[in-house]
2 protein chains.
Amino acid sequence: MQIVLLSGGSGKRLWPLSNEIRSKQFIKIFSSVNNDYESMLQKVIRQIRQISGDISILVSTSKSQESILKKYVAQDVEISCEPCRRNTFPAIALTAAYLRDVKKISANEPIIICPVDSYVNDDFFKSFETMEELAKNSAVNLVLIGINPTYPSEKYGYIIPKSKDKISEVLEFKEKPTAQVAEKYIEQGGLWNGGVFACKISFILEKAREILKTDSYFEIFKRYSELPNISIDYAVVEKEKNIKVVRYNGDWKDVGTWNTLSEVMQETSIGKVQIDSTCRNSNIINETDMPIIAMGLQNIIVAASPDGILVADKFQSSFLRPFVENLHEQIKFAEKSYGTYTVIDIDENSLTIKVILNAGAKMRYHSHEYRDEIWMIVKGEGQTVIDDKIQSVKAGDIIKIPCGVKHTIKAKTDLKIIEIQLGKNINVEDKILWE
Amino acid sequence: MQIVLLSGGSGKRLWPLSNEIRSKQFIKIFSSVNNDYESMLQKVIRQIRQISGDISILVSTSKSQESILKKYVAQDVEISCEPCRRNTFPAIALTAAYLRDVKKISANEPIIICPVDSYVNDDFFKSFETMEELAKNSAVNLVLIGINPTYPSEKYGYIIPKSKDKISEVLEFKEKPTAQVAEKYIEQGGLWNGGVFACKISFILEKAREILKTDSYFEIFKRYSELPNISIDYAVVEKEKNIKVVRYNGDWKDVGTWNTLSEVMQETSIGKVQIDSTCRNSNIINETDMPIIAMGLQNIIVAASPDGILVADKFQSSFLRPFVENLHEQIKFAEKSYGTYTVIDIDENSLTIKVILNAGAKMRYHSHEYRDEIWMIVKGEGQTVIDDKIQSVKAGDIIKIPCGVKHTIKAKTDLKIIEIQLGKNINVEDKILWE
């Protein structure tokens, strides 16, 4: 079975734990084995791996999330990167073309396309087998999954099926309704649209030729920034006549806001937190190394990261987005393939960053055009390459990197560096890669 | 008029804004002129300066608060330092001896001793004139101020006067009562004990000879750590028969907890904070440079500093102390006479600190026995003295200071330094002063 996971999106509604480069699927808040936490992405991949048979997973993501993604997924998960952010139709077209043109998979094969932002039980993924069968054998173009609604939600789109059978043709799609209208939909057997669908690769490629005027991976990749910014729902799903829906009867939660996310958290608190005995229905998530003390809270979510602190009534937290859009703050924390970086001081002509490299990891060989850098190794051992010269370094060493000079560092042990950037135009975009 | 301000105490109950070295009187949360904030200490000194006549102020504090104190008080305020922390009787005895032995003031002069932890209107200090008159002229040994209670508080000690006159002899002192008992005291004309009193310097010195077996400043200072750890109330006030109380009829608030402090805050928020329109009776104080977003809070106090984050129901915040005692965290933020320092990373054999020196300020010339230091100037210009050699430094410069080497820096402009301490035994105590 070929599964494509759509892992994109920026995470304003789960600020300060999600941001431009770390969207919600990377937040580690679900208890997993070994007293550790797993992220939504890791949870979904683990659940998919439990489906029987041969499973191939391809994660489609944007360039800005490639580094963090590599940290979160195992070697046996393939990654396809969009060169920039577009909507879901270009992303899915790129991925379908990638599977045929790069991975040399027959366009006659079915794929299942699945977002990674829903919290579901393991049996959700069992429906994938039915969906694949339908997409492979019948004369159906598109197979959706429809979630049996538990209440007349105003937050989701509805699929109205022709029958209340486990598998049914689709009569029509409905936009997010009022609760009253939603009740009527539910009476008719209406289902929430979970955003998962199965089809043959060739079906997507056909739509790509129609809408994008090409189905070649390299063409789509090259012209990506000019492609229409449209969703797969709008471009394809809602227009398709030959379409079926598989009914799913089980837990399904969109965990896109703190309010909904906290409902599925198993622990009251994560990180350095003390909670008094008078707190009720409150969750504290602390990603900083500052201690948090919480007392007497009722229905409150507290989330802290180097990017900021949210203290909100759970219901009100759903209205977070405009406050985050108001911030215009530099992103202070990022997970990278090699470890993490945390901005610890910002000044007019300097930026001080704490960089942690995991043992064995390395940065890419790069240089900067407009800034000097100084690295102070405060912990561990490693090897730098500065202007093609290799040197061993250890705690206490200082490495000066004037602008224009190529540099990298490889961690022999876990390595902690204080990096000071100095210059008049400090900008993350100022990075020239040499490998 | 000679006024002695008692500025001591550690601030567990106002964590994370107060700590071992910054007690509550240094927290800047009261609106003052020029859109700035002033601390309790600054407010009290400003109010005292409004009393007519010649006013001399001496602040009695502990060694650990000397540096921050120098930053908060003007040149015309004298400072007397206890060599270590003791209770109020040794502190007052030391101060009285200092005034006679060092400042050469006649022991026949009256002094007014006043703690700095109450929030009062300007007219509170007008009572000082009456108190001084009484202490100077009459045959009274001790003059107290008694606050007319506004409710039967269980939190304060009570003074029971002989009459309900403006000035009265004292009948007796009562410990913190139950509300019911407090009501009875109030019926009798009972007053809250504000901890302010006036007497002649000679009266304190006489008690010092009695209790400490000396009234010499140098003796008291030398033996300070061995002196009995007793309060002035216990050692002197409650045993004194020849004592009067001056009735004060006005605002007086002990602002020792977040609950009471937030009552006298003029602003809902201080620092980088966004509050939504559904918050009620909540205060957010942010001393970090991370933004805070507060939504839907009711009766909540949020306080954040590099030392930690408190999110508490206002009433519950009164029970903060044991949670703070549980922390065992290194203090991360300190105000110094020269500026501030903030710990930004702690590791096994390293400590990274951001040091800000105000223009014109300098560190004391010092060295360390067990650690190397590296200074990275990230902003401004200054002058270092390293091993007696003077050198001009500016943003981008790196200064290595191996252990044992004497060093200091003077800020020409505002100066920001990233200091990295490296060694096996990093400890604030490891500091040898050379001036």
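Residues numbered from 1 in each chain as written. Chains lettered and ligands numbered in written order. Predicted model: local features only at pLDDT ≥ 70, side-chain atom pairs only at ≥ 80, totals over all residues. Heavy atoms only, no water.

Draft legend 1. Summary view of the sheet that holds strand E15 (residues 273-275) of chain A. If you walk across this open sheet you meet the six strands as E15(A)-E17(A)-E19(B)-E18(B)-E16(B)-E14(B), and the pairing is mixed. Strands at the two margins of the open sheet, each flanked by one partner only, are E15 of chain A together with strand E14 (269-270) of chain B. With six bridges joining them, strand E18 (residues 300-305) of chain B and strand E19 (residues 308-313) of chain B adopt antiparallel strand pairing. Within the sheet, the bridge partner assigned to Ala-304 of chain B lies in E19 of chain B and is Ile-309 of chain B. (Pairing = 2+ DSSP bridges. Helix = DSSP H or I, 4+ residues; strand = E, 2+ residues; numbered from the N terminus.)

Draft legend 2. Just the relation of the copies chain B and chain A, in detail. Structural alignment of chain B on chain A gives an RMSD of 0.2 Å, achieved by rotating through 180 degrees and translating 0.0 Å along the axis. Taken together, the rotation and translation describe the operation of a two-fold axis. It is Ile-344 of chain B whose C-alpha, among those of chain B, lies nearest the rotation axis, at 3.5 Å. Mapped onto chain A, 100% of the interface residues of chain B again fall at the interface, so both copies present the same surface. (Least-squares fit on C-alpha atoms with pLDDT ≥ 70 in both. Contact = heavy atoms within 4.5 Å.)

Draft legend 3. Local environment of the pattern of salt bridges. Inspection of the entire model under this criterion finds 58 salt bridges over all chains. For the salt bridge of Asp-215 of chain B with Arg-209 of chain B, the shortest nitrogen-to-oxygen distance reads 2.6 Å. Judged by relative accessible area, which is 15%, Asp-215 of chain B ranks as buried. A salt bridge links Glu-219 of chain B to Arg-223 of chain B; its shortest N-O distance comes to 3.8 Å. Residue Glu-219 of chain B is classed as partly exposed on the basis of its relative accessible area of 28%. Judged by relative accessible area, Arg-223 of chain B falls into the partly exposed class, the value being 25%. Where salt bridges share partners, they join Asp-345 and Asp-347 of chain A together with Lys-354, Lys-379 and Lys-416 of chain B into one cluster. (Salt bridge = Lys/Arg side-chain N within 4 Å of Asp/Glu carboxyl O. Buried < 20%, exposed > 50% of the residue type's maximum accessible area, 1.4 Å probe, protein only.)

Draft legend 4. Main features of the sheet that holds strand E14 (residues 269-270) of chain A. Read across the open sheet, the six strands follow the order E14(A)-E16(A)-E18(A)-E19(A)-E17(B)-E15(B); overall the sheet is mixed. Edge positions in the sheet fall to E14 of chain A together with strand E15 (273-275) of chain B, since each has one partner strand and no second. Bridge count for E14 of chain A against strand E16 (residues 283-286) of chain A is two bridges, and the pairing is parallel. For Ile-270 of chain A, the partnering residue across the bridge sits in E16 of chain A and is Ile-285 of chain A.

Draft legend 5. Examining the packing of helix H3 (residues 88-101) of chain B against helix H6 (residues 201-212) of chain B more closely. All names here are of chain B. Running from N to C, H3 and H6 point in directions that differ by 125 degrees, and their axes come no closer than 9 Å. With respect to H6, the axis of H3 lies oblique. Crossing hand, H3 versus H6: left-handed. Facing Phe-89, Ile-92, Ala-93, Ala-96, Ala-97, Leu-99 and Arg-100 of H3, the residues of H6 in contact are Ile-201, Ile-204, Leu-205, Lys-207, Ala-208, Ile-211 and Leu-212. In terms of residue class, the contact of H3 with H6 is made up of 12 nonpolar, no polar and two charged. (Axes fitted to C-alpha atoms, helices over the stretch in contact; angles between N-to-C directions. Parallel < 35°, antiparallel > 145°, perpendicular 65-115°, else oblique. Left-handed = near helix turned anticlockwise from the far one by under 90°. Nonpolar A, V, L, I, M, F, W, Y, C, P; charged D, E, K, R; others polar.)

Draft legend 6. Inspection of the state of the cysteines at higher detail. Residue and element names in this part refer to chain B. Counted under the stated rule, the structure contains zero disulfides over all chains. A disulfide-free cysteine, Cys-81 has its sulfur positioned 12 Å from the sulfur of Cys-84, the nearest such atom. The exposure class assigned to Cys-81 is buried, which follows from its relative accessible area of 12%. (Disulfide = S-S within 2.5 Å.)

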